[in-house]
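Listed below, chain by chain, are the residues.
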Amino acid sequence: MTDKPLEWIGRSKEDLMDFPDDARRKAGFELRSIQQGDVASDVKPMSTIGKGVEEIRIWTKDTYRVFYVAKFEEAIYVLHAFQKKTQKTSRQDIELGQQRYQQMLQHRKETL
């Protein structure tokens, strides 16, 4: 089976590349696992962002999150990558995830 490609929405790739080395490496490992059809080791559904959105939870000395959608045949869409600074996901991060989810839907409509 070939790996599902990653499609980066907005600045998600740049944001993930700004993670510290250990968090970036863990995020990459988790995304690679998902590309191969496996499940991330620590994932949570994020239906408040959109249908099928999941959150990879990355624990280093700090906490990081990656929102993605893997339910489509053609690709895994990475919506948002950010450092989580409080127990609850900030409204700003949720709203950005929702905006990028809409961008992803529009992108799919235009290209498929």
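See the structure printed just above.
The rules behind the values
- Residues numbered from 1 in each chain as written.
- Predicted model: local features only at pLDDT ≥ 70, side-chain atom pairs only at ≥ 80, totals over all residues.
- Heavy atoms only, no water.
- Core = buried A, V, L, I, M, F, W, Y, C linked by side-chain atoms within 4.5 Å.
- Buried < 20%, exposed > 50% of the residue type's maximum accessible area, 1.4 Å probe, protein only.
- Helix = DSSP H or I, 4+ residues; strand = E, 2+ residues; numbered from the N terminus.
- Contact = heavy atoms within 4.5 Å.
- Salt bridge = Lys/Arg side-chain N within 4 Å of Asp/Glu carboxyl O.
- Polar contact = N/O pair within 3.5 Å; in protein donor to acceptor, adjacent residues only side chain to side chain.

1. A short note on the nonpolar core
Item 1. Counting 15 residues, the largest nonpolar core has Leu16, Phe19, Ile34, Ile56, Ile58 and Val66 as its most contacted members.
Item 2. Those elements that provide at least two residues to this core are helix H2 (21-35), strand S3 (53-59), strand S4 (63-69) and strand S5 (76-84).
Item 3. Ranked by the residues each element gives to this core, the list is headed by H2, at four residues.
Item 4. Once residues within four sequence positions are removed from consideration, Phe19 is found in contact with Arg24, Ile58, Tyr64, Arg65, Val66, Ala81 and Phe82.
Item 5. In this structure, Met46, Val53, Val69 and Ala75 belong to the second largest nonpolar core, which totals 13 residues.

2. Here's the deal with the pattern of salt bridges
Item 1. For the structure on display, the rule yields seven salt bridges.
Item 2. Between Asp3 and Arg32 there is a salt bridge; the shortest N-O distance is 1.7 Å. With a gap of 29 residues between them, Asp3 in the segment before strand S1 (6-8) and Arg32 in helix H2 connect regions that are remote in the sequence.
Item 3. Owing to a relative accessible area of 32%, Asp3 belongs among the partly exposed residues under this scheme.
Item 4. Residue class for Arg32 comes out partly exposed when judged on its relative accessible area of 38%.
Item 5. The closest approach of N and O atoms between Asp15 and Arg11, which form a salt bridge, is 3.4 Å.
Item 6. With a relative accessible area of 18%, Asp15 lands in the buried category.
Item 7. Taking relative accessible area as the criterion, Arg11 reaches 43% and is therefore assigned partly exposed.

3. Regarding the side chain of Ser12
Item 1. Position of Ser12 relative to the elements: it lies in helix H1 (residues 12-17).
Item 2. When its relative accessible area of 0% is taken as the criterion, Ser12 is described as buried.
Item 3. At 2.9 Å, the side chain of Ser12 forms a polar contact with the backbone oxygen of Ile9.
Item 4. In contact with Ser12, other than residues within four places in its own chain, are Val78, Leu79, His80, Ala81 and Arg100.

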